[in-house]
Structures are given as C-alpha cells and as structure tokens.
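Structure at a glance
One-letter residues, chain by chain:
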Amino acid sequence: MNNHHKISSITFSIYILISFYVFGGGIVNSLVAYRTWRHVGAEEFPKFHHVDSQLIIPLFVIFFFLSFIPQVLLFWFRPRAIPRWMVLLALTFNLIVLVSTITVQIPIQTKLDQAFSLELIDKLISTDMIWRRIPMFLLAIINFSMLYNVVSRSDK
C-alpha cells in the first residue's frame, strides 16, 4: 500500500465517521430537540435555550465544521472507487446546510435567545427541514454510496 493510498483510506474513513456522527446528531436535534422546545415554559425558555445552545456547540457544531476538512481533502486524497463528482455533490449539500444555518437558522436562534415564541420555533422547524435536513439526508445517501463503492471494490 503506497502513501497516497494510505492517506486516501484514512481521509475517507475520518470523513465517513464524522459525517455520519453529524447526520445522526442533526437528525436527533431536528426531530426531537426542536419539537420539545414547544413545551418549555415561556419564563424558563431563555435559560433553557442558552444551556441548549452551549451544549450543542461542542457536541455538534464543532464536528460539523471539522467534517469539511476531510471532505475537501477527498478531492486530492480519495479511494479510486469514489468519483470526483460524488465528492463535489457531497460538498454542495454540506455548503447548503452551512449557508442556511448562517442565513436562516442562526437569526431565528438569536431571536429565541431573547424570548420564547411558538411562531419562531415553528419557523425554525420548517426551515430546518427544508434547508438542512433534506440536504443532510441527500448528503447521507451520497456518503453511503461512496462507502458502498469502496467496500464493494475491496473484494476485487
């Protein structure tokens, strides 16, 4: 096994590990956590939201940003079984999630820092589904396809 092949295998493995972790965390946050926010009292919500926001950064946000490092490295260091267009498509989906997070989700979250609002929580849930969960689901399909390509060729 030459160095390029070794680096490609390590890069891809790290990318798959982080991206599946981020996908799982994002789904739980979106489909479980956001929906429970409706049931937190208006007086308790700002403190609850602050604590929730503080916990999500080290457990999710950092890993989301870290996923870009091996993902970009896959353009140069990827297993032969993975075509470049798959890496580009995966990066596109990840960038859609990033841009929507910055332009849509964070402004809603900032308003929720100030006060409880069912309207804002519903807007957060609906925009999260469209601009983050759907692209992340498509990203997971691409990532699974890349993994399948690598595993299916390893038998040959």
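For the structure, check the block above.
In this report, we go over the structure that sits alongside the text. Here the structure is a predicted model, which is why all the values come from computation and not from measurement.

1. Description of the layout of surface pockets
Volume-wise, the largest pocket comes out at about 500 Å³. For the largest pocket, the lining is made up of 25 residues, of which Ile56, Val61, Thr101, Ile106 and Arg132 are closest to its centre. The set of elements that each furnish at least two residues to the lining of the largest pocket consists of helix H1 (3-36), helix H2 (45-66), helix H4 (84-114) and helix H5 (118-154).

2. Quick word on the packing of H4 against H5
In contact at an axis separation of 9 Å, H4 and H5 are set at 160° when each is read in the N-to-C sense. Taken together, the axes of H4 and H5 are roughly antiparallel relative to one another. The interaxial crossing formed by H4 with H5 has left-handed handedness. Per-class residue counts for the contact of H4 with H5 are 20 nonpolar, 9 polar and 4 charged.

3. Here's the deal with the pattern of salt bridges
A side chain of one charge can pair with a side chain of the opposite charge when the charged atoms of the two come close. Tallied over the entire structure, the rule returns 3 salt bridges. Between Arg38 and Asp122 there is a salt bridge whose closest N-O contact spans 2.8 Å. On the criterion of sequence distance, the pair formed by Arg38 in the loop between H1 and H2 and Asp122 in helix H5 is long-range, its members being 84 residues apart. Using a relative accessible area of 35% as the deciding quantity, one classes Arg38 as partly exposed. Where Arg133 meets Asp128, a salt bridge forms, and the shortest distance between an N and an O atom there is 3.1 Å.

How each quantity is defined
Residues numbered from 1 in each chain as written. Predicted model: local features only at pLDDT ≥ 70, side-chain atom pairs only at ≥ 80, totals over all residues. Heavy atoms only, no water. 1 Å grid on protein atoms, 1.4 Å probe; cavity = no way out; pocket = protein on both sides within 12 Å on 5 of 7 lines; lining within 4 Å. Points joined across faces, edges and corners; volume = space filled by probe spheres on them. Helix = DSSP H or I, 4+ residues; strand = E, 2+ residues; numbered from the N terminus. Axes fitted to C-alpha atoms, helices over the stretch in contact; angles between N-to-C directions. Parallel < 35°, antiparallel > 145°, perpendicular 65-115°, else oblique. Left-handed = near helix turned anticlockwise from the far one by under 90°. Nonpolar A, V, L, I, M, F, W, Y, C, P; charged D, E, K, R; others polar. Salt bridge = Lys/Arg side-chain N within 4 Å of Asp/Glu carboxyl O. Buried < 20%, exposed > 50% of the residue type's maximum accessible area, 1.4 Å probe, protein only.

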